[in-house]
Amino acid sequence: MAAASDHGLKRIVWQRIKETIIADCRKSEVWKILILDPFTTKLLSSCCKMSDLMAEKITIVEDLYRIREPVLEMKAIYFMSPTTKCVEAFIADFKPKPKYKAAYVYFTDYCPDELFNNMKLYCAKYIRVCKEINMSFIPQEAQVFTCDSPVAFHSIYSPNSQDKKKTLETLANQLVTLCATLDEYPGIRYKNNMENAKTLAELVDNKLARHYELDDSGKKKGKTQAQLLIVERAFDPVSPILHELTYQAMAYDLIDIQNDTYKYKSKDGSEKQAQLTEDDMLWVRLRHKHIAEVSEQIPKMVKEISASKKQPDGKITISNLAQMMKKMPSFRKQMTEQTIHLQLAEDCMQHFSNNVEKLCKAEQDLAVGSDVDGLKVKDSMRTLLPVLLYQYSTHEKVRAVLLYIFSLNGTTDENLNKLIQHVKIENEREFILNWKELGVPIITTPSIFPRKTARRDRSQEQTYNLSRWTPVIKDVMEDAVENKLDTREWPHQSESPAAWNGSGAVSARQKHKTSSQDERRSGSRLIIFVIGGISYSEMRSAYEVTQAVKSCEVIIGSSHILTPTRLLNDIKVLSKGPVETFTIEERSNA
C-alpha cells in the first residue's frame, strides 16, 4: 500500500476503494484496465500509487475522455463521476462496437435515473457491476479534504452567478459522501447570520437523513459522536490574506508551487521538481513549524545523517557493507528529501529577508490590534502608512490595505478612495470593493461600528513576534471540543447525541483496544467546512487542536485551498461575468 495512504483520511479512502472496487475485481483473476475521469484521477492519485493498483491486477490506467484502442479480451473498471459527459463517454466505448469484454462501473456519487437508464439502454449486456460508492471528495491530507471545486467561489459569491443553488446542492452531496466514507452521522451547526452556511447546513442535514434511511443494511442509522460545523469565508478574512511564517503556508504564498509541485534548480544548474505530499515524511514533520525552526533543523539533520553513515571505528567489514547496502535506498531517499527542503527553506528565507520581514510587523499589529508589547494600536493608519510609502509591489500593498480595513471593520468611502489612489489601483478597485459580496464590511459610515468577534485570550502562549495572529477557526475548534460554542452564534441544524463531548472526557476513562489496522481515534470527530476556501494556517490549526486534545480528531475542508494570490484573483473577478478572468501581477518586487 502507498505510504500516502497510511495517513488519516487518505488511508480511510484507499481502504474503502479496496473494499468496494478492488474486492469486486479480486473475484476475477484476469488483469484489468482502470478508466478514470479527471476527478477520480485526482482522487485515486491522492491515496495510492500505480504499484498498489498493479498488486490488485490492474495493469493499465486510462483517461475516460481520450480515444483508446479496443482491448476485447480485457475487462474494464470505470470509476467516474455521475455526469452526462462521463456517461456519454462510457456509452461511446460500447456503441456501436464494444472496446472491452465487460464493464465494472463505479460512480463517486448518486447517479440520476436518466443517466442510469441511458446506460442500460445501450450497454446493459456488457455491465457486470454498477455501484455508487459515495466518495466525491479529495483527501488532500491526513486531516484535510476538498471538493476540488475552485469555481464554487464565483458561483456562490458573484452577483452575476446563475448557478448558486446548484453549486450548494453539489457541495452538500459531496459532504454527505465524506460523512458516509467516515461512517459518521453528525449533528450539524452553522454560523449565525451567514445565509449560505445556513442553506448548506439544511441541505446536508436533509440529504444525510435520506442517505442513512436508504442504507443497504436496512437499519436506520442513529447520530454518531461527531459534529459538523459550517461557516463562510467572511467569518475570518484576515487569515488567508496575512503573510504566514509557518513552512507550508509560507512556501505556498511566496513560491510558485502548482499542483503541490515545487520546481527548483539543483547545484549543477539542472531543473528539478519535487512533490510536496505526505509521501515525503520530512515534509510532514516540518510543514507546520515556524520557518525559523525549519531553517535551523534541516542543516542539523543533514549533518546527523551524514555522520551516521561513517563507521565509528573506521573498520569496513562484510557485515558493515551489507548493512550499508540495505540502508542505501532509504539513505538516498532521506538525503533527497533533505536537499529539497534545504532548497525550499532557503527560497522562503530569501523572499522573507527581501520584502516580507518588514511587512510582517505592520500586518501583525493590524491583525491582532496590538503591538509586540501588547499595547493597543490606537491609530491603524499610522501602522499602515510605512507600508504604503515603501517600494512594495501592488500585491503586497493591497493585502496591507485590506488588513487595515478589516482591523476597523470597514472604512469611510472618502478614506477608501484615498487608499485606492495611493496604491494606484483605480482601475482594479474590485480587489477591495468585492469583499462586500462575501459579507465583509468594507465601507461603513462613522455612525455604524460593526461588532468585532470576541477572541480567546492567548496572551500566555509563546509565539514569535511576527507570528502572533491565530486563525479565528482555531478558537472555534477549541470551543467546540470543550463544548463551549454559543448556541446563538452557532445554532443547531440537528443535534448530536446528548453525550457529545468533544474533549473525550467520557471516552478517555474507558479502555479501548487499539489495532494497527484501525487508527481511528477513540473519541469524537469534529468536521469543519468553510464555504469559500481554506488557508494553510487554518489547515494547520486542525492538526494543532487534534494534537493538543488527542481524544477528538478535527477534520477541515472546503471547496478548495486558498493562497493569498488565488483569493485576491477570485475576489477581483466576482463582479465580472463567469467567462472573464483577470489576474493580479503577483510578487513583481519579490
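Draft legend 1. Main features of the packing of aromatic side chains. Enumeration according to the criterion identifies 16 aromatic pairs in this entry. Between Phe145 and Phe529, the ring centres sit 6.1 Å apart and the planes meet at 20 degrees, which makes this aromatic pair stacked. Within this pair, whereas Phe145 is found in strand β7 (residues 144-146), its partner Phe529 is found in strand β13 (residues 524-531), the two being separated by 384 residues in sequence. Phe529 shares its class with Phe145; the two are buried. An aromatic cluster is present here, built from Tyr78, Phe90, Phe94, Tyr100 and Tyr126 joined pairwise through their rings. The side chain of Arg287 reaches across the aromatic face of Tyr543, ending 4.9 Å from its centre. Sitting over the ring of Trp469, Arg455 keeps its end group 4.9 Å from the ring centre.

Draft legend 2. Looking closely at the pattern of salt bridges. One pass over the structure, following the stated rule, counts 34 salt bridges. Between Lys42 and Asp148 there is a salt bridge; the shortest N-O distance is 2.8 Å. Within this pair, whereas Lys42 is found in helix α2 (residues 38-47), its partner Asp148 is found in the loop between β7 and α6 (152-157), the two being separated by 106 residues in sequence. For Lys42, a relative accessible area of 44% puts it in the partly exposed group. For Asp148, a relative accessible area of 26% translates into the label partly exposed.

Draft legend 3. Here's a closer look at helix α19 (residues 564-572). The element α19 is extensively covered by neighbouring structure, given that eight of its nine residues are classed as buried. Where α19 is buried, its residues meet α6, α9 (247-254), α14 (394-408) and α16 (430-433).

Draft legend 4. Highlighting the packing of helix α17 (residues 472-481) against helix α18 (residues 536-549). At a minimum axis separation of 9 Å, α17 and α18 run at an interaxial angle of 30 degrees. The orientation of α17 with respect to α18, classified from their angle, is roughly parallel. Note that α17 runs across α18; the crossing there is right-handed. Contacts between α17 and α18 involve Ile473, Lys474, Met477, Glu478 and Val481 from the former and Glu538, Ser541, Ala542, Glu544, Val545 and Val549 from the latter. Across the contact of α17 with α18, the residue classes tally to six nonpolar, one polar and four charged.

What counts, and at which threshold
Within every chain, residues take consecutive numbers counted from 1 along the sequence as written. It should be noted that, the model being predicted, local features are given only for residues of pLDDT at least 70 and side-chain atom pairs only at 80 or more, the latter also being counted only at that level, while totals for whole chains, interfaces and linings use all residues. Values shown for side chains rest on all heavy atoms present in the structure; no hydrogens or waters enter the calculation. Side-chain rings of Phe, Tyr and Trp, where Trp is taken by its six-membered ring, are said to pair if the distance between their centres is within 6.5 Å; with planes under 30 degrees apart they count as stacked, over 60 as edge-to-face, and otherwise as tilted. Secondary structure elements are defined from DSSP: runs of H or I of at least 4 residues count as helices, runs of E of at least 2 residues count as strands, and each element is numbered from the N terminus. Buried means the residue's accessible area, taken with a 1.4 Å probe over protein chains only, is under 20% of the maximum for its type, while exposed means over 50%, and partly exposed covers the values in between. Charge-over-ring contacts are defined here by two conditions on Lys NZ or Arg CZ: a distance within 6 Å of the ring centre and an angle within 35 degrees of the ring normal. By definition here, a salt bridge exists when the distance from a side-chain nitrogen of Lys or Arg to a carboxyl oxygen of Asp or Glu is within 4 Å. Note on definitions: a residue-residue contact is assigned when non-hydrogen atoms from the two residues lie within 4.5 Å. For helices, the fitted line uses only the C-alpha atoms of the stretch in contact; every axis is such a line through C-alpha atoms, and the angle between N-to-C directions lies from 0 to 180 degrees. By definition in this entry, angles of less than 35 degrees are roughly parallel, angles greater than 145 are roughly antiparallel, angles of 65 to 115 are roughly perpendicular, and the rest are oblique. Each helix crossing is assigned a hand: it is left-handed if the near helix lies turned anticlockwise from the far helix by less than a right angle, otherwise right-handed if that turn is clockwise. Under this grouping Gly is polar, as are all residues other than the nonpolar Ala, Val, Leu, Ile, Met, Phe, Trp, Tyr, Cys and Pro and the charged Asp, Glu, Lys and Arg.

In short, geometric facts, not functional conclusions.
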